[in-house]
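Remarks on the overall topology
The primary structure of each chain is shown beneath.
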Amino acid sequence: MRAFVNGRVLIDGAFAEGRAVLVADGRIAAIVAARDVPADAAREDLDGAILAPGFVDTQVNGGGGVLFNDAPTVEGIAAIGAAHRRYGTTAFLPTLISDELPVIARAIAAVDAAIAVGVPGVLGIHVEGPFLNTERRGIHRADRMRALDEEAMAILTAPRRGRMLVTLAPERVAPGMIRRLVASGARVAVGHSNARYADVMAAREEGLTGATHLFNAMSQLGSREPGVVGAALGSDIVCGIIVDGHHVSPATLRLALRLKGPEQLMLVTDAMPNIGADLHEFLLQERRIVVREDRLVDAAGTLAGANLTMTRAVGNATALLGVSRESAIAMASATPARFLGLDGELGRIAPGLRADLVALREDHGVAATWIGGERGDR
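Residues numbered from 1 in each chain as written. Predicted model: local features only at pLDDT ≥ 70, side-chain atom pairs only at ≥ 80, totals over all residues. Heavy atoms only, no water.

**Brief notes about the sheet that holds strand β11 (residues 89-97)**
Ordered by their spatial adjacency, eight strands build an open sheet running β8-β11-β12-β13-β14-β15-β16-β17, and the pairing between neighbours is parallel. Single-partner strands in this sheet number two, and they are β8 (55-60) and β17 (265-267). Sheet topology note: the β8/β11 ladder contains four bridges and is parallel. Note that in β11 the partner of Phe55 across the bridge is Thr89. This element, helix α1 (residues 74-85), spans β8 and β11 of the sheet and lies at about 130° to β11. (Pairing = 2+ DSSP bridges. Helix = DSSP H or I, 4+ residues; strand = E, 2+ residues; numbered from the N terminus. Contact = heavy atoms within 4.5 Å. Axes fitted to C-alpha atoms, helices over the stretch in contact; angles between N-to-C directions.)

**What about the pattern of salt bridges?**
Evaluated as defined, the whole model comprises 17 salt bridges. Put simply, Arg8 and Glu362 hold a salt bridge, and the shortest N to O gap is 2.7 Å. Within this pair, whereas Arg8 is found in strand β2 (residues 8-11), its partner Glu362 is found in the loop between β21 (357-360) and β22 (366-371), the two being separated by 354 residues in sequence. You can call Glu362 exposed: its relative accessible area is 53%. (Salt bridge = Lys/Arg side-chain N within 4 Å of Asp/Glu carboxyl O. Buried < 20%, exposed > 50% of the residue type's maximum accessible area, 1.4 Å probe, protein only.)

**Things to note about the layout of surface pockets**
Roughly 280 Å³ of internal volume is contained in the largest pocket. Lining the largest pocket are 17 residues, and of these Asp12, Gly13, Glu326, Ala330 and Ala334 lie nearest its centre. Counting residues per element, the ones that place at least two in the lining of the largest pocket are β2, α9 (325-331) and α10 (334-339). Its residues placed into classes, the lining of the largest pocket shows seven nonpolar, five polar and five charged. The computed volume of the second largest pocket comes to approximately 240 Å³. In this structure, the second largest pocket is lined by 20 residues; those nearest its centre are Gly138, Ile139, His192, His213 and Leu303. Counted by class, the lining of the second largest pocket contains seven nonpolar, ten polar and three charged residues. (1 Å grid on protein atoms, 1.4 Å probe; cavity = no way out; pocket = protein on both sides within 12 Å on 5 of 7 lines; lining within 4 Å. Points joined across faces, edges and corners; volume = space filled by probe spheres on them. Nonpolar A, V, L, I, M, F, W, Y, C, P; charged D, E, K, R; others polar.)

**Structural notes on the side chain of Thr269**
Of note, Thr269 is situated in the loop between β17 and β18 (281-284). For Thr269, the side chain forms a polar contact with the side chain of Asp57, separated by 2.6 Å. Beyond its immediate chain neighbours, meaning those up to four positions away, Thr269 contacts Asp57, Gln59, Val60, His84, Ile242, Ala306, Leu308, Thr309 and Met310. (Polar contact = N/O pair within 3.5 Å; in protein donor to acceptor, adjacent residues only side chain to side chain.)

**Thoughts on empty space enclosed by the protein**
Regions of empty space are outlined by a rolling probe, equal in size to a water molecule, passed over the atoms. The tally for this structure, following the rule as stated, stands at two cavities of 30 Å³ or more. Of the voids in this model, the largest cavity is the one considered here, and its volume is about 60 Å³. Contributing to the lining of the largest cavity are Thr58, Gln59, His126, Leu165, Ala189, Ala211, Thr212, His213, Gly240, Met266, Val268 and Phe339. Reported here for the second largest cavity is a volume of approximately 30 Å³. Put simply, the parts of the chain that give the lining of the second largest cavity at least two residues each are α2 (101-117) and β12 (124-128). Top element by residues in the lining of the second largest cavity is α2. It accounts for three residues. Across the lining of the second largest cavity, the residue classes break down as three nonpolar, one polar and four charged.

**Points about the side chain of Asp99**
Tracing the backbone through its elements, the reader meets Asp99 in the loop between β11 and α2. One polar contact links Asp99 to Arg144, side chain to side chain, over a distance of 3.0 Å.

Quick look at the structure:
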């Protein structure tokens, strides 16, 4: 048994002083007063840092110089996870941008294999397209988009390890398809969609529960047609948000926060290969993407993912949205864990949960991480 001591512990939404977290066999065994730590427990001295649940990122396109679309392999997934772990992410969904069906099949198989061999942090896969609306494609290639037909359904609904999140445009999907995806165990989110309010609510009835990068690449809230944004804000749909100061105005996100609360908004990075690597440009499906004034853009100026880490997203949420540090951390941990149906495993510091933890300094920097109780380099 190990005891995490000499830090402030985030417990039930509040920072607690004078507590120790006991970890055994990769799980949190107990939370006790510091004076009650067993004499034979090995001590992890936090040196005054905050001990928080590790961050859970449901949208990670790449990191460590690797783009998942280019390297749908166990090694590629491991490199992406290692890069993001440096920034507090202890659980993630490698995310595949719209691609051809054989690439999707290879990516799903790679994630399955990565989970089987114990690659740290990988929870499953996020298939973002290609079942999208070309009118709202953003950086996705129009020639990669296709219908969600039986061939695609066979790939997405096959038995697998881990969680699957599928982002699609409900107006481009036949009735009943979303219900079948959900029945297979997938989570479904609306994204890159020009859907009407009624389309999204019909999809919600079939089991759609998420919205991918709220406000971006979707029909907006109008006076007569509420669109995807209106459906997401007016329902219990859990929304991913990119808080980088570029994708969405902070004022707009603050309005969403008033309507949804931290329980229904989850921070995502939408990160690309430059995170954790000394890259100032890279190729995304044959297009040159450059880092320009903290944004990732193609030659036309279209945003291509985000130059964002989860520690920065948490810091930005406090600075730009005005949420408490406790709530910002929850938006990066408890909320995405609950969205994935993993709140009995991840996202909080509580007895019985997996010991996925991050030690945070006052400047939001990461002092150390633990996945299943195993410490990483940072």
